[in-house]
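Here is what each chain is made of, one letter per residue.
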Amino acid sequence: MKPFIYDYSLEELQEWAVSQGEPEFRGGQIFDWLYVKRVSSFEEMTNLSKALRQKLHDEFAFVTLREITKLESKDGTVKFLFGLHDDHAIETVIMKHNYGNSICVTTQVGCKVGCTFCASTLGGLKRNLTPGEIVAQVVQAQKILDTRGERVSSIVIMGTGEPFENYEATMKFLRIMIHEKGLNIGQRHITVSTSGIVPNIYRFADEDTQINLAISIHAPNDALRSKLMPVNRRFPFDDVMESLRYYIAKTGRRITFEYALIGGVNDQPEHAEELAGVLKDMLCHVNLIPVNYVPERKYVRTSRNDIFQFQRILADKGINVTIRREQGHDIAAACGQLRAKHMESGAR
């Protein structure tokens, strides 16, 4: 299997060009063809010699993202199920907002974190994606948006998988995305979401980026979080909170806490009171998420009145809080649902 061309940074492409007896700037031309002109084959790189294009073809491959399913919501959300070269499948979502287009990308095939309300963990973890397989999702989305004269304005790494369990690939993807000679996505327009992989929260704090960090918290204490999120048994609640305080102190950046409200499980007034106590004096924002119904999980959505009550309690305690605007609710919006349905047919 040839390596994917999208796996390579600008600097690595420059080094490769020099190794082929070419001037360094040829690597920059290749990078420009990939991310500015967004070609789909080496043959289209017409300012390169025929011999160099053949070398590229011989040594590298473009990532295969074969469209298996495309679902379009009445709110403008478009969800894709893409087939990879090894017949595994991943989900990518384009979400239209009044401020632009946001792309939700996947970092792993499946997930081993095991959140009990999430469809992504059904079937477990199959493998990590390479940096290029993550990159290709954004490039594919941008090509679609090119036909409308629009661009990717923000990225959320909240698709299937745990980004911090595929840390090196995720970070390389991010560096390619923010490069000023490529897609040039603003760092503050990118959010990485983790379930709480403590060692890599510390690593991320030390990366010296302006990229946003979100944490899937979903409970105000250790016992309840362990029931909902088995990963909490590996990285206990108090350790997660300590790492987040380090992140805030090191970066001065606000953290977003993602809290999925599950009817009768974690959505009662006492849960809101306890959560407010835990987050007191932290530089943070709470994003309340009415849980999407997943048939295999049997959880029910919190009632509208209870959602607003939960929000009021947090706000009254001085916590910055919003309720996430739901998108794609009519097209299997929950992360992993589309892939789960695909797997039921015997696919990967």
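Structure's up top.
These numbers come from a predicted model, not from an experiment.

## Here's the deal with a negative patch on the surface
So, point 1. On the surface, a cluster of negative charge is made up of Asp222, Asp238, Asp239 and Glu242.
So, point 2. Broken down by element, the negative patch gets its largest block of residues, 3 residues, from helix α9 (residues 237-251).
So, point 3. As for its position among the elements, aspartate 222 is in helix α7 (residues 222-228).
So, point 4. Assessed through its relative accessible area of 35%, aspartate 222 is described here as partly exposed.

## Observations concerning the pattern of salt bridges
So, point 1. Within this structure, the stated rule accounts for 15 salt bridges.
So, point 2. Between arginine 38 and aspartate 146 there is a salt bridge, and its shortest N-O distance comes to 2.8 Å. Placement of arginine 38 in the loop between α2 (25-35) and α3 (50-59) and of aspartate 146 in helix α4 (residues 131-146) is noted, with a sequence separation of 108 residues between them.
So, point 3. The partly exposed category is assigned to aspartate 146, whose relative accessible area is 34%.

## A few points about the sheet that holds strand β2 (residues 78-83)
So, point 1. Across the sheet, 10 strands lie side by side as β1-β2-β3-β4-β7-β8-β9-β10-β11-β12; this open sheet has mixed pairing. Single-partner strands in this sheet number two, and they are β1 (66-72) and β12 (321-323). Pairs of neighbouring strands in the sheet enclose a mean axial angle of 20 degrees, with direction left out of account.
So, point 2. Two elements, strand β10 (residues 255-261) and strand β11 (residues 284-290), share 7 bridges in a ladder whose sense is parallel. Among the inter-strand pairings, alanine 260 is bridged to a residue of β11, identified as isoleucine 289.

## Here we look at the packing of helix α6 (residues 198-205) against α9
So, point 1. One can describe the packing of α6 onto α9 by two numbers: an axis separation of 9 Å at closest approach and a directional angle of 0 degrees. Viewed along their axes, α6 and α9 adopt a mutual orientation that is roughly parallel. Counted together, Val198, Ile201, Tyr202, Phe204 and Ala205 of α6 and Asp239, Val240, Glu242, Ser243, Leu244, Tyr246, Tyr247, Lys250 and Thr251 of α9 form the full contact between these two elements.
So, point 2. Classifying every residue of the contact of α6 with α9 gives 9 nonpolar, 2 polar and 3 charged.

## Some remarks on unusual backbone geometry
So, point 1. The phi angle at arginine 38 is positive, at roughly 55 degrees, despite the residue not being glycine.
So, point 2. Overall, arginine 38 belongs to the buried group, its relative accessible area being 19%.
So, point 3. The backbone phi angle of histidine 218 is positive, close to 65 degrees, even though this residue is not glycine.
So, point 4. In this structure, histidine 218 sits in the loop between β9 (212-216) and α7.
So, point 5. Looking at histidine 218, the relative accessible area reads 5%, which means it is buried.

## Points about the state of the cysteines
So, point 1. For the structure shown, the criterion picks out 0 disulfides.
So, point 2. Free of any disulfide, cysteine 284 has its nearest cysteine sulfur in cysteine 115, 20 Å distant.
So, point 3. Here cysteine 284 falls in the buried class, since its relative accessible area comes to 8%.

What counts and how
- Residues numbered from 1 in each chain as written.
- Predicted model: local features only at pLDDT ≥ 70, side-chain atom pairs only at ≥ 80, totals over all residues.
- Heavy atoms only, no water.
- Patch = residues over 30% accessible without salt bridge, like charges linked within 9 Å, V, L, I, M, F, W, Y side chains within 5 Å.
- Areas by Shrake-Rupley, 256 points an atom, 1.4 Å probe, with all protein chains shown as cover.
- Salt bridge = Lys/Arg side-chain N within 4 Å of Asp/Glu carboxyl O.
- Lys, Arg positive; Asp, Glu negative; His and termini not counted.
- Charge placed at Lys NZ, Arg CZ, Asp CG, Glu CD.
- Helix = DSSP H or I, 4+ residues; strand = E, 2+ residues; numbered from the N terminus.
- Buried < 20%, exposed > 50% of the residue type's maximum accessible area, 1.4 Å probe, protein only.
- Pairing = 2+ DSSP bridges.
- Axes fitted to C-alpha atoms, helices over the stretch in contact; angles between N-to-C directions.
- Parallel < 35°, antiparallel > 145°, perpendicular 65-115°, else oblique.
- Contact = heavy atoms within 4.5 Å.
- Nonpolar A, V, L, I, M, F, W, Y, C, P; charged D, E, K, R; others polar.
- Disulfide = S-S within 2.5 Å.

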